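# A look at the structure
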Amino acid sequence: FLDLPLIRRPRYASDAENSDGLVHLVFIGSIPFHIRNPEPFLRLFNKMDNKDYRLHIFGTSNCNDMLREYAQKDQRIILEGPIPHDTAMQRMAESDIMVNFGNNNSAMTPSKIFEYMSHGKPIISTLPITDEPSAVYLKKYPLAYLVDYANADTDSAAKELQTWIDSAVGNTVP
């Protein structure tokens, strides 16, 4: 691990809106289950009833069986597998909302949040621990929605998140 990356203007221009009428949520990165557990977010996503949402998961994982199980239950979850960094940057530009599965290691800030912020698009990030390292940066980012796992009411959390997504799509930060 070196240091936190700088925010740089992306090579690919971000699309303000997709032309297919769907809302594309994108996670790009690795999912080491012992550090970054996506399951609480997948349960929350499953409870949102907007049929136009698509959750694309790009990257590697050591919990592929669990991811496949959720993708089979919810056809809106699309497992894309690993892609080169240049392609990842293009997928970020094409997305509507970017997703970060927060770390349960308070000393490990994922560099992906800075790449996400460089696109100026809405970001959803999960908080599996109270001192999740991305939160300190994302709380300052005007288009971030932080999902606190301490919220026990998944139904109301899903409704709140869906309302936020619907209001955030198409918005950007310069």
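Everything below is about the structure printed above this text.
All of the points below concern the structure found in this document. (Residues numbered from 1 in each chain as written. Predicted model: local features only at pLDDT ≥ 70, side-chain atom pairs only at ≥ 80, totals over all residues. Heavy atoms only, no water.)

### Focus on the overall build of the protein chain
Scanning the protein chain for helices and strands turns up six helices and six strands. Counted from the first residue to the last, the protein chain has its helices and strands arranged as β-α-β-α-β-α-β-α-β-α-β-α. Counting the 174 residues in the protein chain, one finds 48% classified as buried. Taking the contacts inside the protein chain whose residues are at least 6 apart along the sequence as the reference set, 71% of them involve residues at least 24 apart. For the protein chain, the computed accessible surface area is about 9,100 Å², with 49% contributed by carbon and sulfur atoms. (Helix = DSSP H or I, 4+ residues; strand = E, 2+ residues; numbered from the N terminus. Buried < 20%, exposed > 50% of the residue type's maximum accessible area, 1.4 Å probe, protein only. Contact = heavy atoms within 4.5 Å. Areas by Shrake-Rupley, 256 points an atom, 1.4 Å probe, with all protein chains shown as cover.)

### Some points on the environment of D131
With respect to the helices and strands, D131 occurs in the loop between β5 (123-127) and α5 (135-138). Given the relative accessible area of 45%, D131 is considered partly exposed. In this structure the C-alpha to C-alpha distance between D131 and N105, which are 26 residues apart in sequence, comes to 8.7 Å.

### Some points on the pairing of strand β3 (residues 77-81)
Pairing of strand β2 (residues 53-58) with β3 involves four bridges; the strand directions are parallel. Paired with F58 across the bridge in β3 is G81. With respect to chirality, the unit in which β2 leads through helix α2 (residues 64-73) into the neighbouring parallel β3 is right-handed. (Pairing = 2+ DSSP bridges. Right-handed = clockwise from strand over helix to strand, strands pointing away.)

### A short note on the nonpolar core
If you look at the biggest cluster of nonpolar residues, it comprises 46 residues, and the most contacted ones within it are L25, L55, I124, L161 and I165. When residues in this core are grouped by element, the largest group, six residues, is from helix α6 (residues 154-168). Other than its neighbours up to four places away in sequence, L25 contacts F45, Y53, R54, L55, H56, I97, V99, I124 and I165. (Core = buried A, V, L, I, M, F, W, Y, C linked by side-chain atoms within 4.5 Å.)

### Focus on the packing of aromatic side chains
Describing an aromatic ring pair means giving the distance of the ring centres and the angle of the ring planes. According to the stated counting rule, one finds four aromatic pairs in the structure shown. Between the aromatic rings of F41 and F101, the centroid separation amounts to 5.8 Å while the plane-to-plane angle is 55 degrees, which identifies the pairing as tilted. Linking F41 in helix α1 (residues 39-47) with F101 in the loop between β4 (97-100) and α4 (112-118), this pair joins segments that are 60 residues apart in sequence. The two residues F41 and F101 agree in class, both being buried. Three or more aromatic residues joined by ring pairs form one cluster here, namely F27, F41 and F101. For K73, the ring lying beneath its charged end belongs to Y70, and the centroid distance is 4.3 Å. The side chain of R76 reaches across the aromatic face of F45, ending 4.5 Å from its centre. (Phe/Tyr/Trp six-rings, centres within 6.5 Å; stacked < 30°, edge-to-face > 60°. Lys NZ or Arg CZ within 6 Å of the ring centre and 35° of its normal.)

### Description of the packing of α1 against α6
Contact pair α1 / α6: the axes reach a minimum separation of 8 Å and the direction vectors enclose 70 degrees. Taken together, the axes of α1 and α6 are roughly perpendicular relative to one another. Here α1 contributes F41, L44 and K47 to the contact with α6, which in turn contributes T154, D155, A157, A158 and L161. Per-class residue counts for the contact of α1 with α6 are five nonpolar, one polar and two charged. (Axes fitted to C-alpha atoms, helices over the stretch in contact; angles between N-to-C directions. Parallel < 35°, antiparallel > 145°, perpendicular 65-115°, else oblique. Nonpolar A, V, L, I, M, F, W, Y, C, P; charged D, E, K, R; others polar.)

### Topic: the side chain of N103
In this structure, N103 sits in the loop between β4 and α4. On the basis of relative accessibility, which here comes to 0%, the residue N103 falls in the buried class. A polar side-chain atom of N103 sits 2.9 Å from a polar atom in the side chain of R36. (Polar contact = N/O pair within 3.5 Å; in protein donor to acceptor, adjacent residues only side chain to side chain.)

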